[in-house]
Amino acid sequence: MNKEKKVRAYTNIALIKYWGKRDEKLFLPMNSSLSLTLDSFYTETSVAFDDSTAEDRFYLNDALQDDKATAKVSRFLDLFREEAGIQTAAIVKSTNFVPTAAGLASSASGMAALAGAVNLASGLNLDKTTLSTYARRGSGSATRSIFGGFVEWQMGTGSDDSFAVKVDDASWDIGMVTIVVNDKQKAVSSRVGMKNTVATSPFYPGWLTATAIDLENIKTAILKKDFEQVGAITESNGMKMHATMLGANPPLSYWEPDSVRAMQAVRELRQLGVPCYFTMDAGPNVKVLCRLSDSQTIKNYLSNIFDPTQLIISGPGKDIEEITD
Ligand code: DP6
């Protein structure tokens, strides 16, 4: 058995959303997207190729996983095994770290950490850009979790150039408050939801046109460190994604009454002079982009509506990194 190497990857929240694939097998997206990596949510994973086991074994938070979950990991490992000429089965141990029992396990940090760990264990030692093309094949949003800060996933023309690029390390006054409205598994996965939206929403072409413009504008705003502009574009782009999925057949909505209440509270905070902006993904939770120096003020205000355990402050996360115990 080779020496166990553990890798940590942080999750990311898209400010410009990825919603739709042009190639399902290769996970090639319909549009480029851009995210902020967060330091409060991460996954640590180790991979050890082990002659003593005939089949891959996958432990998540110390519990051996069933065949379905393991098969997903195995298919992903195969991408590396094929490249490295490895036939051996692997033992994969993964732990999700979230600050509360929120259950906000993320496929982005999970697949990025797995990619990072198997990259080391296989001896392939791919550079981060190439590694992001592999992480992509586990989950689209994982592409961006290879890097910290503000990260663009360039849609590319094919598998080799659909990768992540760091736009800015976000080492300025940037943070995010996550409002955990509901921590249950969502009814419609993003994978199914985006597929149906591409296939049936009449708004989809408009979404693609608008998102390309939002992406260019937010990159300019990030480079100028224009927080208000970054926030306004973030909020607008997220709402456009949700509007597009409302137009699908059947209509798709991830909102719950408390999601709407949370968005209203963000508008109230703005009225009070605190610059902050919301975004939502394929679930009811609301993420508030803010200045990190305002995050406690925002949390205090939201505590009038939500339990403090539902409110999680994050700063910008880093690139994936090897962890030594
Ligand atoms: C709304 O990356 O979870 O969070 O590629 O099918 O695994 P798959 O989907 P996933 O979708 C993320 C959708 C989103 C927007 C985003 O993160 O860009």
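Small disclaimer: the values here were computed from a predicted structure and weren't measured.

1. Some words on the nonpolar core
At step 1: Of all hydrophobic cores here, the largest spans 29 residues; its most connected members are Val47, Phe49, Leu77, Phe80, Val92, Leu114 and Ile146.
At step 2: Elements supplying a minimum of two residues to this core: β1 (5-16), β4 (33-49), α1 (67-84), β7 (90-97), α2 (107-121) and α3 (128-136).
At step 3: The element that contributes the greatest number of residues to this core is α2, accounting for 8 residues.
At step 4: Residues contacting isoleucine 146, with those up to four places away along its chain left out, are Ala112, Lys128, Leu131, Ser132, Ala135, Asp319 and Ile320.

2. Here we look at the site of the ligand
At step 1: Taken together, the neighbourhood of the ligand is formed by 17 residues, with Tyr18, Lys21, Ser139, Gly140 and Arg191 sitting nearest.
At step 2: Side-chain polar atom of lysine 21 to an oxygen atom of the ligand: 2.7 Å apart, as the coordinates give it.
At step 3: Serine 190 is positioned such that a nitrogen or oxygen atom in its side chain is 3.0 Å from an oxygen atom of the ligand.
At step 4: Contact with the protein chains removes 93% of the 460 Å² of surface that the ligand exposes when unbound.
At step 5: Counting residues per element, the shell around the ligand draws most heavily on helix α4 (residues 190-200), which supplies 3 residues.
At step 6: In the shell around the ligand, the residues fall into 7 nonpolar, 5 polar and 5 charged.
At step 7: Structurally, the shell around the ligand is a two-domain feature, drawing no fewer than three residues from each of domain 1 (5-171) and domain 2 (174-314).

3. Brief notes about the domain arrangement of the chain
At step 1: Each domain of the chain was delimited in the assignment, giving domain 1 (5-171) and domain 2 (174-314).
At step 2: Just the C-alpha atoms count here: the centres of domain 1 and domain 2 sit 23 Å apart.
At step 3: In this assembly, 33 residues from domain 1 lie in contact with 43 residues from domain 2.
At step 4: Both faces considered, domain 1 and domain 2 share a buried interface measuring about 3000 Å² in area, 71% of it formed by carbon and sulfur atoms.
At step 5: Summed over the three residues of domain 1 that lose the most area to domain 2, namely Leu15, Lys17 and Trp19, the buried surface amounts to 28% of that side.
At step 6: Between the two partners, domain 1 and domain 2, sit 4 salt bridges.

Rules and cut-offs
Residues numbered from 1 in each chain as written. Predicted model: local features only at pLDDT ≥ 70, side-chain atom pairs only at ≥ 80, totals over all residues. Heavy atoms only, no water. Core = buried A, V, L, I, M, F, W, Y, C linked by side-chain atoms within 4.5 Å. Buried < 20%, exposed > 50% of the residue type's maximum accessible area, 1.4 Å probe, protein only. Helix = DSSP H or I, 4+ residues; strand = E, 2+ residues; numbered from the N terminus. Contact = heavy atoms within 4.5 Å. Near = heavy atom within 4 Å. Polar contact = N/O pair within 3.5 Å; in protein donor to acceptor, adjacent residues only side chain to side chain. Areas by Shrake-Rupley, 256 points an atom, 1.4 Å probe, with all protein chains shown as cover. Nonpolar A, V, L, I, M, F, W, Y, C, P; charged D, E, K, R; others polar. Domains from an automatic or database assignment. Buried area = accessible area lost by both parts, 1.4 Å probe. Salt bridge = Lys/Arg side-chain N within 4 Å of Asp/Glu carboxyl O.

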